[in-house]
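The lines below spell out each chain.
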Amino acid sequence: MRQDIGYMFENRCRLRYGWACPRHTDSNQHGWRRFLVAGIILLAVFLGGCGQGTDMGNARGGSPSGQMAGTASEEGMVSGTENKEGQAQADEGHAKAGEGQPEADGADSLEPMHVSGVQFVEGHGICAPGKPPVYYAEPGQQPISTQGAKAWLESVTYQDGKWYYRVKVEDYSVTVIPDDEVKVLLKEEDENRKLQEEGRPVKWKKPYFVLDYEGGVYGRSGFLDRTGLGHGFYDRTTESMTDYIEGAGIPGGRITATKRTGSIVYGTYGTEGYITMYWDYFTENQVLDTLTPEGTYELHVPGFEQTLSFAFVKAREYPAVEDIPGIVFQEGMGILAKGQWADDGLDITYYTYPEQGYIMYPVISGLSYENGDMEGKGRLRDSGHSANDSWDYISGIPEGKQGQTVSYDLAPSARGGRIWLGFDSVNMIYTGEPERLSVPIRDGGSDMDAVIELGGCTVKFTSARKSEEPVLGNVWGADEEGPFVFVGAEVRMKDSSRKFIRLNMHRAVENPASYPGSVMARPVYEGAGTDGGNTGSAGLKGYEVSCREGESMVELEISGAMYDWKQEYLVPVQIEEP
């Protein structure tokens, strides 16, 4: 289950809200809501998308000397690759789908088998033991084209009736809207929003979007306008606008997604002349009527006449996570890095495997290499697009940073040598069993003496005081005026290498699904406003949360703690030769 607190690591800057195209109030229509987060605009459709911000630091770090503590054995590794024997062992668990699979009990049994060891799913993460086998698209898929756009199959996975697929689209048809027309559009947008607030019908013109918010540059996409994708991205009215997969074993011969999300990176327009879109699709309860995926499958992408063809391969299996070559552990928290040479440098994809109850967001410090008596550092060229959210779709993949790809420029002398991806800290989330806290609301306030343990974090709640004046806003919930209660808190981290950031604390409700969103408790700091400008246990006074007139008690639920772990990693990059 996605944790609300996880969004905070990915959205370091403030969210800025606005509308650059139609917003429909009818639940059967879906406009575009624009969230400006680190240059990435997220489109939330059917599922709430999470803005993934960049987490890169400047390339730095000294030359690695020796193996870091907690590194899985590198014995037999030459030039950053596995030795032949190790590669052969790995390939045993990486056969084409359907090959070498143990037979199920009974000739006609289609019950999913469970893998006793861990599975490494390329591009997605490390799957915990005891889960059904995972299949993913064989690498090397060719793109398809249409007027003004090109599409690639980023990934497809299948596991026990669950299908997840991601498509990358480069849109070359974007044109800049003249300034005088922008002024008219923005004026009409404000007028239409007022009409919507009054519940009156609104007629929108062609959709548009922000290419450069600070510069006030707006654009339109000929591809989105021509295909109709821009007028409610996932309204399916024609065959050409439907996403579906066809192939052997699919019930009824075809599956289509039941949940869809999308994101757009506008920054590539200024550097490459196109915008980049990522479309994610998911459906479940679509179990193949064959034991394993077989043959070639065809994915139809909305707006394209051609289909993307792919075949499945089975995820590699290992007896234990420590047996995965190159994975590095520190205090039970693992990071793995895979690399592939490209024409313009090295692309590295990294994965995390934390202890149960934790989520990891590592912070990269840089790339370094050694080759004989030569050593050097890489130069970060591209911090990559958002990592996938496979843990929402593949059973056994941990939450957190999974499948994030970064690109580095490296000197030619780095080839054939050892390469390390460095991390100087890890943003951590502890997500144990939720704790409940009863906060009394009395005239004059109340003393409290409640202590809650959250992993290595101890939180003591000392007092409760109701506000004397009503406050506008429901503390990250619904906008309304009402009272709030302040809960005094003291936080202590048991390990000095861990710096507390905040709690994930909200009003407890019996049926969360019936509420549009959580009413969060907001931190209050000494010497800072209540806007979260100061993050850390030093100076933390407590939390405030909205309450209602006449309430004598507020029940809070604490579902996690967020902290910065000052722990360095030096992860050997496992190079995959073409």
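Remember, predicted model here, so these are calculated numbers, not experimental data. (Residues numbered from 1 in each chain as written. Predicted model: local features only at pLDDT ≥ 70, side-chain atom pairs only at ≥ 80, totals over all residues. Heavy atoms only, no water.)

**Student:** For the side chain of S425, give the residues involved together with the corresponding values.
**Tutor:** Looking at the secondary structure, you find S425 in strand β27 (residues 418–430). Look at S425 and you get buried, because its relative accessible area is 5%. Here the side chain of S425 touches D424 through a polar contact of 3.5 Å, side chain to side chain. Filtering out sequence-adjacent residues up to four positions away, S425 remains in contact with P362, V363, D564, W565, K566 and Q567. (Helix = DSSP H or I, 4+ residues; strand = E, 2+ residues; numbered from the N terminus. Buried < 20%, exposed > 50% of the residue type's maximum accessible area, 1.4 Å probe, protein only. Polar contact = N/O pair within 3.5 Å; in protein donor to acceptor, adjacent residues only side chain to side chain. Contact = heavy atoms within 4.5 Å.)

**Student:** Break down the sheet that holds strand β11 (residues 209–212) for me, with residues and values.
**Tutor:** Spatial ordering of the open sheet is given by β10-β12-β11, a layout of 3 strands whose pairing is antiparallel. The outermost strands of the open sheet, each flanked by one partner alone, are β10 (174–176) and β11. Strand-to-strand twist of the sheet, defined as the mean angle between neighbouring strand axes without regard to direction, takes the value 45 degrees. (Pairing = 2+ DSSP bridges. Axes fitted to C-alpha atoms, helices over the stretch in contact; angles between N-to-C directions.)

**Student:** I'd like to hear about the confidence of the model for the chain, residue by residue, with values.
**Tutor:** Put simply, the chain has an average pLDDT of 77, and 72% of its residues get 70 or more. This stretch, residues 1–96, has a pLDDT under 50; its non-local contacts, to residues over four places away or in other chains, come to 232 contacts. Here residues 233–239 scores under 50 on pLDDT; set against residues more than four positions off or in separate chains, the count is 24 contacts. (pLDDT = per-residue confidence, 0-100.)

**Student:** Now, about the pairing of strand β24 (residues 374–377): what can you tell me, with residues and values included?
**Tutor:** Two elements, strand β23 (residues 358–371) and β24, share 4 bridges in a ladder whose sense is antiparallel. Looking across to β24, one finds that N371 is bridged to M374. Linking two consecutive strands that pair antiparallel, namely β23 and β24, is a turn of 2 residues; a positive phi of about 65 degrees is found at G372 within it.

**Student:** Before we move on, could you go through the sheet that holds strand β33 (residues 484–493) and cite the residues and values that matter?
**Tutor:** The 5 strands are arranged β29-β30-β33-β36-β35 in an open sheet whose pairing can be described as antiparallel. If you trace the sheet from one side to the other, it starts and ends with β29 (446–454) and β35 (522–525), each paired once. Averaged over all pairs of adjacent strands, the angle between their axes in this sheet comes to 30 degrees, without regard to strand direction. Bridge count for β33 against strand β36 (residues 540–546) is 5 bridges, and the pairing is antiparallel. Paired with F486 across the two strands is E544, which belongs to β36.

**Student:** Now, about the environment of L195: what can you tell me, with residues and values included?
**Tutor:** Its location among the elements puts L195 in helix α3 (residues 179–197). Owing to a relative accessible area of 23%, L195 belongs among the partly exposed residues under this scheme. If we skip the residues at most four places from it in the chain, L195 touches R200, P201 and V202.

**Student:** Break down the environment of V265 for me, citing the residues and quoting the values.
**Tutor:** Tracing the sequence through the fold places V265 in strand β15 (residues 259–265). Each C-alpha atom, one on V265 and one on M277, is 6.3 Å from the other, the two residues being 12 residues apart in sequence.

**Student:** Let's hear about α3: which residues, and what values?
**Tutor:** The terminal C-alpha atoms of α3, which comprises 19 residues, lie 27 Å apart, in line with the 27 Å expected from a rise of 1.5 Å per residue. Along α3, the residues that are buried comprise V182, L185, E189, N192 and Q196. Looking straight down α3, one finds its buried side chains confined to an arc of 90 degrees; they lie on one side. Exposed and facing more than 90 degrees away from the buried side of α3 are D180, K183, K187 and K194. On its buried face, α3 is in contact with β12 (217–221). The first or second residue beyond α3 is G199, which carries a positive phi of 80 degrees. (Expected span 1.5 Å × (residues − 1). Arc of directions from axis to C-beta.)

**Student:** Break down the side chain of D171 for me, citing the residues and quoting the values.
**Tutor:** Relative to the assigned elements, D171 resides in strand β9 (residues 162–171). Buried and unpaired, D171 has R226 as its nearest opposite-charge partner, separated by 7.8 Å. Polar side-chain contacts of D171 include one of 2.4 Å to the side chain of S221. Apart from residues lying up to four places away in sequence, D171 is in contact with G148, A149, S221, F223, L224, Y274, I275 and M277. (Lys, Arg positive; Asp, Glu negative; His and termini not counted. Salt bridge = Lys/Arg side-chain N within 4 Å of Asp/Glu carboxyl O.)

**Student:** Can you tell me about the pattern of salt bridges, naming the residues and giving the values?
**Tutor:** Working definition: two side chains of opposite charge can pair if their charged atoms are close together. Enumeration according to the criterion identifies 18 salt bridges in this entry. Across the salt bridge formed by K494 and E453, the nearest N and O atoms sit 3.4 Å from each other. Of this pair, K494 sits in the loop between β33 and β34 (498–507) while E453 sits in strand β29, placing them 41 residues apart in sequence. Residue class for K494 comes out exposed when judged on its relative accessible area of 53%. Residues joined in a network through salt bridges with shared partners are E189, D190 and R193.

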